[in-house]
Amino acid sequence: MSDFLKLGKRKAPSASGSAAPSAPGSFNINVTDGTLIPSTGDRSILSAWNISFFGAIVAIVILPVLSPKPYIDILAVVPSGLAATFGVTLASIVFALMLGLLAGLGRIAKTKPINLIATVYVEVIRGIPLLVQLFYIYYALGPLLHLKGPASAIMAMSICYGAYMGEIFRAGIQSIPKGQMEAALALGMSRTQALWRIILPQTVKVILPPIGNEFIALLKDSSLVSILAVADLLRRGREYASTTFNYLQSFTIVALIYLIMTLFFSRLVGIMETRLRNHGQRHN
Amino acid sequence: MDNGIIRIKDARKHFGAVQALRGVDLDIAKGEVVLVIGPSGSGKSTLLRCVNRLEHLDSGEIWVEDDCVTSPHANIRKIREEVGMVFQSFNLFPHLSAAQNISLSPLIVLREEREEAQERARALLARVGLADKEHSYPEQLSGGQQQRVAIARALAMRPKIMLFDEPTSALDPEMIKEVLDVMLDLAKDGMTMMVVSHEMGFARAAADRVVFMDEGQIIEAAHPDELFAHPKEERTRRFLDHIL
């Protein structure tokens, strides 16, 4: 169980926060998407994480003190976008997990058509930038779907991240030793029973860190939905900036809030990963 | 019809270019304990794994009682309920406690009552000498203890046949005996057993027949006393010289 998935993550030039599996068969979760996961050995107060995280917090406190004029106003307006940011992120991650499980199961299915559908889905979606997918669903399919901004945003993000989640599920399921399925089958279980009772419960532990990482990437990518009339953090900042022309100040605050959130969650994922890994080692 | 509980007829199988089984015939009678020995790559594990169809034969037939395992219409799950299997690497479910490992299949496959399945799991743990390990997880058990739980897990399905695939090969020497004792106990109870193993002590104590395989074929088969003392074939003799 110390076998962790290796999902060699590459940040695509698109804003899709992409995860691409490295060589198939190598299983080690390599959580480096988007944010650096702090290594636990890094205990120094001057660690990069500490400097960034507490630096951001200090900045967000000091700036309004030093120059209350725009900053207090900005801080009064901009955080109202957090609800939309988190709303879109959480809803998308839930749907993306469901789609991802289906895609992952499809990718390892022995039934050819199912396998093909899942693989095509993953390939196509991963080959199109998230921003283009957002435009496509909101503008191109808008007359057909009649979806409002937030619904379009959640749909596009779910479909996009579902493809990446699918690869995580696939790799996670394949990282469980073959003997587990064999033992379950030898006991008379059906494949479905073995999957739900034996394989997936073990998979969850393996894929939690990369999924936590996808969550962080999704949180950041949710800023893209500000173009679809969703009043998220970035859009609130833009609105404020365009009426007051305080561009520098507005976007500084927006950036700091994103930074604090992602650094916070990346630390959580790092802690979770260490815990799971230590737990895994006791298995052997 | 023969009266063997397992009947293997002209079993053939290849993996890529490797001929794993080149026409194996073997009948095992009810209550018989058969030990299959042979060098690695001789096809003995493959043969065993074909009996509950973890591997598919290319041609030939395998019957378990009145069911043809190799038929595409076979109700393989029903057959597997009657054929327990113990693996070299135990393959316990790491996310379940010892008792849960044992009771899961009776619960979801045989649809036994929870109380009944749990009670039986405790009884089986006691039988393999692990009454106090009910709540332990596989990671907390030694190899020998894990393998005994694995045997109990297979027995929970009340199988008529038990297959053992090198059950002691992954164990430290001091743990081999505790597993063999459980197997000996099973043999004395009249369980039909097909065992791939080189445990000669177990063979002498419990086996009715020892089958020597090499290069995908059965070279010879005889009572252990007979086979170990007077092997007929040169290949058998050479192999026995290596392991005895």
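Going by the structure above, here's the rest.
The sections below set out a description of the structure shown in this document. (Residues numbered from 1 in each chain as written. Chains lettered and ligands numbered in written order. Predicted model: local features only at pLDDT ≥ 70, side-chain atom pairs only at ≥ 80, totals over all residues. Heavy atoms only, no water.)

### Concerning the packing of aromatic side chains
Working step 1: A complete count under the given rule lists 11 aromatic pairs over all chains for this structure.
Working step 2: The interplanar angle of 80 degrees and the centroid separation of 5.2 Å between the aromatic rings of Phe53 of chain A and Phe54 of chain A together place this pair among those described as edge-to-face.
Working step 3: Exposure remark for Phe53 of chain A: the relative accessible area of 10% places this residue in the buried category.
Working step 4: On the accessibility criterion, Phe54 of chain A (43% relative accessible area) is partly exposed.
Working step 5: Taken together, a centroid distance of 5.5 Å and an interplanar angle of 85 degrees make the contact between Phe135 of chain A and Tyr139 of chain A edge-to-face. Taken as a pair, Phe135 of chain A and Tyr139 of chain A lie in helix α5 (residues 130-140) at a separation of 4 residues, close to a single helical turn.
Working step 6: Overall, the relative accessible area of 47% leaves Tyr139 of chain A in the partly exposed class.
Working step 7: Joined through ring pairs, the aromatic side chains of Phe86, Phe215, Phe264 and Phe265 of chain A make up one cluster.
Working step 8: Of note, Arg267 of chain A hangs over the ring of Trp49 of chain A, and the distance from its end group to the ring centre comes to 4.2 Å.
Working step 9: Lying across the ring of Phe93 of chain B, Arg153 of chain B places its NZ or CZ 4.4 Å from the centre. (Phe/Tyr/Trp six-rings, centres within 6.5 Å; stacked < 30°, edge-to-face > 60°. Buried < 20%, exposed > 50% of the residue type's maximum accessible area, 1.4 Å probe, protein only. Helix = DSSP H or I, 4+ residues; strand = E, 2+ residues; numbered from the N terminus. Lys NZ or Arg CZ within 6 Å of the ring centre and 35° of its normal.)

### What about the environment of Pro231 of chain B?
Residue and element names in this part refer to chain B.
Working step 1: Positionally, Pro231 belongs in the loop between α8 (224-229) and α9 (234-243).
Working step 2: Judged by relative accessible area, Pro231 falls into the buried class, the value being 12%.
Working step 3: Measuring from C-alpha to C-alpha, the distance between Pro231 and Glu220 comes to 8.2 Å, with 11 residues separating the pair along the chain.
Working step 4: In this structure, Pro231 is in contact with Glu220, Glu226, Thr236, Arg237 and Leu240, ignoring residues within four places of it in sequence. (Contact = heavy atoms within 4.5 Å.)

### Structural notes on the pairing of strand β7 (residues 161-165) of chain B
Residues and elements named next belong to chain B.
Working step 1: Across the 5 residues that make up β7, a large majority, 5, are buried.
Working step 2: Judged by which residues are buried, β7 turns out to be covered on both faces: Ile161, Leu163 and Asp165 on one side and Met162 and Phe164 on the other are all buried.
Working step 3: Across 4 bridges, strand β6 (residues 83-86) lies against β7 in parallel orientation. Counterpart to Gly84 in the pairing with β7 is Met162. (Pairing = 2+ DSSP bridges.)

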